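# Structural overview for review
The primary structure of each chain is shown beneath.
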Amino acid sequence: MVMVFYGSKGKSNPVSMENRVDHQTKNQITYDIHLPSDLGMLYKVRLGLQSLENSISQLSLHHFKVQNTSTLDTFSLPINKTLPLSLNGDRWIEFPIQWPLKEALSVVTYHLTVFSRNILSERNLVHVTACIYGTHGDTGDRSLLQPLQNVQHGEENESFLVIVDAVDLGELDKIVLLISSKTDCKLNIKKLHVKEAAKEHPIYVFEMNGEFSVDANKPEIQRDIPRSFVIRGDKQKNDLDNNLNKDGSQARNVTEYTIKVYTGDKRGAGTDANVHIILFGNEDKSEVFQLSQSLEHQNPFERGKVDTFKIKTKKLGSLYSIEIGHDGKGFASGWFLEKVEITDASRNSVYCFYCNRSVDQLIITLYTLFSF
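I will try to describe carefully the structure that is included in this document. Just so we're clear, the structure is a prediction, and the values are computed from it rather than from any experiment.

The biggest cluster of nonpolar side chains holds 35 residues, and the ones touching the most others in it are L112 and L177. Where this core is concerned, the elements lending two or more residues are β8 (107-116), α1 (119-122), β9 (126-134), β13 (158-167), β14 (172-181), β15 (185-196), β16 (203-214) and β17 (220-226). Here L112 is in contact with A130, I132, L144, F160, L161, V162, L192, H193 and V194, once residues within four sequence places are set aside.

Written as structure tokens, this is what we have:
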């Protein structure tokens, strides 16, 4: 069993629980540990199992107490959890440190969705962990191949959900992946989505679109993935619009785009899922927009219908591609997209993006064939 302590000035290395103190009572073990003096004010602890030995299959924890032997500062809290949290699952738990007169951070359940091509078929050959970093620290290495949820298979794509409990990380900024294998293996990972389970937004998107080759010469690969963009809710977008309107210089660099979305006219073509889009131009790219307020229909994206949306964003230059997709929610989430037409009011140009195929919950990229 090891512990990692987080403070306002950094975090400790894993502290092994080896130095037992002689005075022990039934169901209680006391350890002496030594921490660096420059951690600052401690705010969270991560406790876990580095490996599962044959001599111990589970570790039940009921209460936790730490006391500084110099200052006698003490914090304690009930845990009532068993490690690992599930068979072959997460071996770590985190909890905030509650100091008198100071508000502690909360424990948050994060949903990490992995979009890939072949992880599920290779999961018995590889070991993959992710460490999520935010303004309040990191999660440490957490397994991505623990018992999975919301597993979805497509012809060339797959996705699955990993649940991570951690002390509030604040704004997320990067993920570090660690991939290892005892045999030659190739993994194709498209992107990662992270959000709080209790909230719809924000959704932090980490794009990869890379293939990772593990072999005898490179049995372990570590890759830093910076945050690509954030999908925010309507209120956050409205706040951005208001800020743009208050600043005249910013407003001059904003233009309106009219987006027409054509849903195919065939059985099961419509979708009840939430659709989003990103625009790419030769000068810049837009933020992520949720296409929720159709000008024609209360329920957008029905079979054989055309839905029009208007958005305002910075001037992007000449559009050359879009990314469009949906979250897979709703009773009927499958969607056959025929095409998307986008009009740039500032340039008086119309761009056509043809699809003519089904869109699963992964974002697909479409390129314009012509504009007029």
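There is more to say after this.
Let us now look at the pairing of strand β1 (residues 2-7). Judged by how many residues are buried, β1 sits mostly within the fold: six of six residues are covered. Residues V2, V4 and Y6 point to one face of β1 and M3, F5 and G7 to the other, with burial holding for every one of them. Pairing of β1 with strand β4 (residues 42-48), which is carried by six bridges, proceeds in the antiparallel orientation. When the sheet's bridge partners are listed, V2 is paired in β4 with G48. Where β1 meets strand β3 (residues 15-16), two bridges bridge the pair, whose relative direction is antiparallel. Bridge pairing in β3 links V2 to S16. As paired elements, β1 and strand β2 (residues 10-11) share two bridges and run antiparallel to each other. Across the sheet, residue Y6 finds its bridge partner in β2, namely K11. Count of turn residues in the β1/β2 antiparallel hairpin: two residues.

Reading across the sheet, the six strands line up as β12-β13-β8-β15-β16-β18 and stay open at both edges, with antiparallel pairing between neighbours. Only two strands of the sheet have a single neighbouring strand rather than two, namely β12 (149-153) and β18 (229-231). Mean inter-strand twist for the sheet, computed between neighbouring axes without regard to direction, equals 30°. When β12 meets β13, the two strands line up antiparallel, connected through three bridges. Looking across to β13, one finds that H153 is bridged to E158.

The topology assignment puts K195 in strand β15. Looking at K195, the relative accessible area reads 14%, which means it is buried. In this structure, the C-alpha to C-alpha distance between K195 and T109, residues 86 residues apart in sequence, is 8.7 Å. K195 has contacts with T109, Y110, H111, E200, P202 and I203, leaving out every residue within four places of it along the chain.

Right, let's get into unusual backbone geometry. The linkage connecting H201 with the following residue, P202, adopts the cis geometry, with an omega of 0°. Here F301, not a glycine, exhibits a phi torsion of approximately 65°, which is positive. Secondary-structure assignment places F301 in the loop between β21 (289-290) and β22 (306-314). For F301, a relative accessible area of 2% puts it in the buried group. Despite not being glycine, N348 has its phi angle at roughly 55°, a positive value. Within the secondary structure, N348 is located in the loop between β24 (335-344) and β25 (349-359).

What counts, and at which threshold
Every chain's residues receive numbers from 1 upward, in the order its sequence appears when written. Side-chain atom pairs in this predicted model are given and counted only at pLDDT of 80 or more, local residue features only at pLDDT of at least 70, and totals for whole chains, interfaces and linings cover all residues. For side-chain calculations, the full set of non-hydrogen atoms in the structure is used, while hydrogens and water are omitted. Nine residue types can take part in a nonpolar core, namely buried Ala, Val, Leu, Ile, Met, Phe, Trp, Tyr and Cys, and a core is a set of them joined through side-chain atoms within 4.5 Å. Whether a residue is buried, partly exposed or exposed follows from its accessible area with a 1.4 Å probe, protein chains only, as a fraction of its type maximum: under 20%, in between, or over 50%, in that order. Helix numbering and strand numbering both begin at the N terminus, where a helix is a DSSP run of H or I of at least 4 residues and a strand a DSSP run of E of at least 2. By the convention used here, residues are in contact when the closest approach between their heavy atoms is within 4.5 Å. If DSSP finds at least two bridges between two strands, the strands pair. As a rule, the C-alpha atoms of each element are fitted with a line to give its axis, helices using only the stretch in contact, and angles between N-to-C directions run from 0 to 180 degrees.

What is shown is where atoms sit, not what they do.
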